[in-house]
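# Breakdown of the fold
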Amino acid sequence: EEEFKWLLQEEVHAVLRQLQDILKEASHCFALPTSGSGGAFKQENFVLSTSSTDQVKGVMTLQGDALCQADVNLKMPRNNQLLHFAFREDKQWKLQQIQDARNHVNQAIYLLMNRDVNYQFKTGLEVLKLMDAVMLQLSRARNRLTTPATLTLPEIASSGLTKMFTPALPPDILVNFYINLNKLCLTVYQLHVLQPSTTKNFKPAGGSVLHNPGATFEFGSQRYEVSHVYKVECVVPWLNDALVFFTVSLQLCQQLKDKISVFSSYWNYRPY
């Protein structure tokens, strides 16, 4: 009984302080302010490439949760023509996954800090509920980075991203940016138009993170088929750091829950 009382009054608060420190570090990963710039985000350049193809190369500039510059070179397989596209100077692309993950981290910090410094937990159940709420936010933050959105090809075609480039993307090229774990990914789809007279069985592709060659879809009044798919990526080190902080925090929450549950199974969450 004394041990459980000590756990509620001392150890719980020590773990909560530890969690706050770790999650503040995680939150700083997403903020990346430059020194002495009044909170402006630092710009970081990343080279997107893959060992399997040199058809697509790109240089991206990431500033917090926004891609503020993108230069993409695309070598067309049919005639080896080299195409170059860049973001218009007045445009930047928000990476919703990073924005959402940061919001969930900040919500977890709020849950941990939302009580008076002298607050005493009365029951094990109270602690378990808090840990569940914090773990839910941390799981959601992690899932936003580890699980990119599934999009249909018409959704990619109608995305605002297609209108951000100069020169404008040709109608037979689609692009999509997303985060996958600790990587920034760019997928380029090359299309060909299906003629109305084609005997090919037309079945529009559903939602997917990555569509394969042969996928078909309808956009406007035209039917298309994906002929080539190129994916290039690069590691973003601070996303890796954030994922490590999420894992460590979730483990700490679970360890505290396990300790509370052992005691509570004896005393059935009786207040002290």
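Structure first, text after, so check above.
Residues numbered from 1 in each chain as written. Predicted model: local features only at pLDDT ≥ 70, side-chain atom pairs only at ≥ 80, totals over all residues. Heavy atoms only, no water.

## Here we look at the overall build of the chain
What counts is decided by this rule: Per the convention used, a helix needs a DSSP run of H or I reaching at least four residues, while a strand needs a run of E reaching at least two, with both numbered from the N terminus. We compute the radius of gyration over the C-alpha atoms and compare it with the globule rule, which gives 2.2 Å times the number of residues raised to the power 0.38. Per-residue accessibility, obtained with a 1.4 Å probe over protein chains only, is compared with the maximum for each type, and a residue is labelled buried under 20%, exposed over 50%, and partly exposed between these values. By definition, residues are in contact when any of their heavy atoms lie within 4.5 Å. Under this rule, positive means Lys or Arg and negative means Asp or Glu; His and the chain ends count for nothing. Where a charge lies is defined by one atom per residue type, namely NZ (Lys), CZ (Arg), CG (Asp) and CD (Glu).
Within the chain, the secondary structure is distributed over 5 helices and 10 strands. Taken over the C-alpha trace, the chain has a radius of gyration of 24 Å; the compact-globule value for 272 residues is 19 Å, which it surpasses by more than 25%. Viewed in the frame of its principal axes, the chain has a C-alpha envelope of about 80 × 50 × 30 Å. Looking at the 272 residues of the chain, the share that counts as buried comes to 43%. The long-range fraction of contacts in the chain, counting pairs at least 24 apart against all pairs at least 6 apart in sequence, stands at 67%. Taking the average location of the 26 positive side-chain charges in the chain and that of its 24 negative ones, the two points are 5 Å from each other.

## Some details on unusual backbone geometry
Pro167 follows Thr166 through a cis peptide bond whose omega is -5 degrees. Tracing the backbone through its elements, the reader meets Pro167 in the loop between strand S6 (165-166) and strand S7 (173-180). For Leu181, which is not glycine, the phi dihedral falls at a positive 60 degrees. Assignment of secondary structure puts Leu181 in the loop between S7 and strand S8 (183-194).

## Describing the packing of helix H2 (residues 96-113) against helix H3 (residues 124-146)
Between two packed helices, the angle of one axis relative to the other and the distance separating the axes together describe the packing. Stated formally: For helices, the fitted line uses only the C-alpha atoms of the stretch in contact; every axis is such a line through C-alpha atoms, and the angle between N-to-C directions lies from 0 to 180 degrees. What sets the label is the angle itself: under 35 degrees gives roughly parallel, over 145 gives roughly antiparallel, 65 to 115 gives roughly perpendicular, and the rest give oblique. Here is the rule for handedness: rotate from the far helix to the near one, and if that takes an anticlockwise turn smaller than a right angle the crossing is left-handed, while a clockwise turn gives right-handed. Only Asp, Glu, Lys and Arg are considered charged, only Ala, Val, Leu, Ile, Met, Phe, Trp, Tyr, Cys and Pro nonpolar, and every remaining residue, Gly among them, polar.
For the pair H2 and H3, the least separation of the axes is 8 Å and the interaxial angle reads 165 degrees. Classified by the angle between their axes, H2 and H3 sit roughly antiparallel to one another. Every pair of crossing elements has a handedness; the one defined by H2 and H3 is left-handed. Residues Gln96, Gln97, Ile98, Asp100, Ala101, His104, Val105, Gln107, Ala108, Leu111 and Leu112 of H2 form the contact with H3, whose participating residues are Leu130, Met131, Ala133, Val134, Gln137, Leu138, Arg140, Ala141, Arg144 and Leu145. Of the residues belonging to the contact of H2 with H3, the class tally is 13 nonpolar, 5 polar and 3 charged.

## Observations concerning the environment of Phe263
Structurally, the position occupied by Phe263 is in helix H5 (residues 237-267). Note on Phe263: relative accessible area 17%, which makes it buried. Here the alpha-carbon distance between Phe263 and Glu3, two residues 260 residues apart in the chain, equals 8.9 Å.

## Considering the packing of aromatic side chains
Note the cut-off: Two rings from Phe, Tyr or Trp (for Trp, the six-membered ring) form a pair when their centres sit within 6.5 Å of each other. Planes less than 30 degrees apart are called stacked, planes more than 60 degrees apart edge-to-face, and all others tilted.
Applying the stated criterion to the full structure yields 7 aromatic pairs. Centre to centre, the rings of Phe87 and Phe177 are 6.2 Å apart; their planes meet at 80 degrees, and the pair counts as edge-to-face. Of this pair, Phe87 sits in strand S4 (residues 82-87) while Phe177 sits in strand S7, and the two are 90 residues apart along the sequence. Accessibility classification places Phe87 together with Phe177 in one group, the buried group. Ring geometry for Tyr119 and Phe121: centres 5.3 Å apart, planes at 90 degrees, overall edge-to-face.

By themselves, these observations are geometric and do not establish any function.
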